[in-house]
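# Understanding the architecture of this molecule
Listed here are the chains, written in short residue letters.
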Amino acid sequence: MAIERAIRMYQIKNLKLGTDGRGMYLSLVCPAADGYCLCFTKGAPVTREELNDLTEEELRELLQGREIAKGRYRLQGVRANVFHANPSFRNFKAVAPEQIQIWSLSYKQLANEAVLHFPDDPESQLTFIPMRYRWSVRRDNGFVILNVELLDNGEYESGVLMYRVGNTLPIPIPEAKIGKDIRLRVPANEEVRVIVSEEYQGKYLQA
């Protein structure tokens, strides 16, 4: 197996994740790469040590454009000429909230060896797809009607979003209540707001 430190020529620069009318896209700069490995995860960034179970054959498969599932993360290989065939790359699937680490791949022809170049800082070649949400409240005869919507087709975990009445402790919002009216008895002088649990700060963004 060949996983090497990403020296300057194999470091990915100007990594960008964007969205437009056609959906999400990626762009980057790394002229020396023969290919790229996209790593999708929902937890902490994948470390170099976690990749030690990749075989040489699997690395060659990634360089050929294959996809490989590895427990808590999944990998997608893309040849450089395919990635850069257009100004931006769109042929990937991510489920918000999810992060994407991208590493360069190179090929040593004489040894028939694919090499993955891992950066010293795992977060230096990382981008994130947040879950966007919005919420609204209206008053109705002494009640507050709260409605929380998700704007992306992702995976919501119950309790990630919470509502707080005034200065009271926040109440987790279950998955079953997303997109539905939540009827609350709230004093006229208290406000209701929606917050993100501490663990998911930055992964859920209010639209």
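Above this text you will find the structure in question.
Residues numbered from 1 in each chain as written. Predicted model: local features only at pLDDT ≥ 70, side-chain atom pairs only at ≥ 80, totals over all residues. Heavy atoms only, no water.

### Quick notes on the sheet that holds strand β10 (residues 131–140)
Pairing within the open sheet is mixed, and its four strands lie in the order β14-β11-β10-β16. Among the strands making up the open sheet, the edge pair consists of β14 (181–185) and β16 (204–206). Neighbour-to-neighbour, the strand axes of this sheet turn through a mean angle of 30 degrees, independent of strand direction. Of the pairings in the sheet, the one linking β10 to β16 comprises three bridges and is parallel in character. For Tyr133, the partnering residue across the bridge sits in β16 and is Gln206. (Pairing = 2+ DSSP bridges. Helix = DSSP H or I, 4+ residues; strand = E, 2+ residues; numbered from the N terminus. Axes fitted to C-alpha atoms, helices over the stretch in contact; angles between N-to-C directions.)

### Quick word on the nonpolar core
Counting 38 residues, the largest nonpolar core has Tyr36, Leu38, Leu161 and Tyr204 as its most contacted members. Three or more residues apiece are contributed to this core by two domains, here domain 1 (2–128) and domain 2 (131–206). Residues in contact with Leu161, not counting those within four places in the same chain, are Tyr133, Val148, Leu150, Tyr156, Ile171, Pro172, Ile173, Val194, Ile195, Val196 and Tyr204. In this structure, Cys39, Leu51, Leu59 and Ile68 belong to the second largest nonpolar core, which totals 17 residues. (Core = buried A, V, L, I, M, F, W, Y, C linked by side-chain atoms within 4.5 Å. Buried < 20%, exposed > 50% of the residue type's maximum accessible area, 1.4 Å probe, protein only. Domains from an automatic or database assignment. Contact = heavy atoms within 4.5 Å.)

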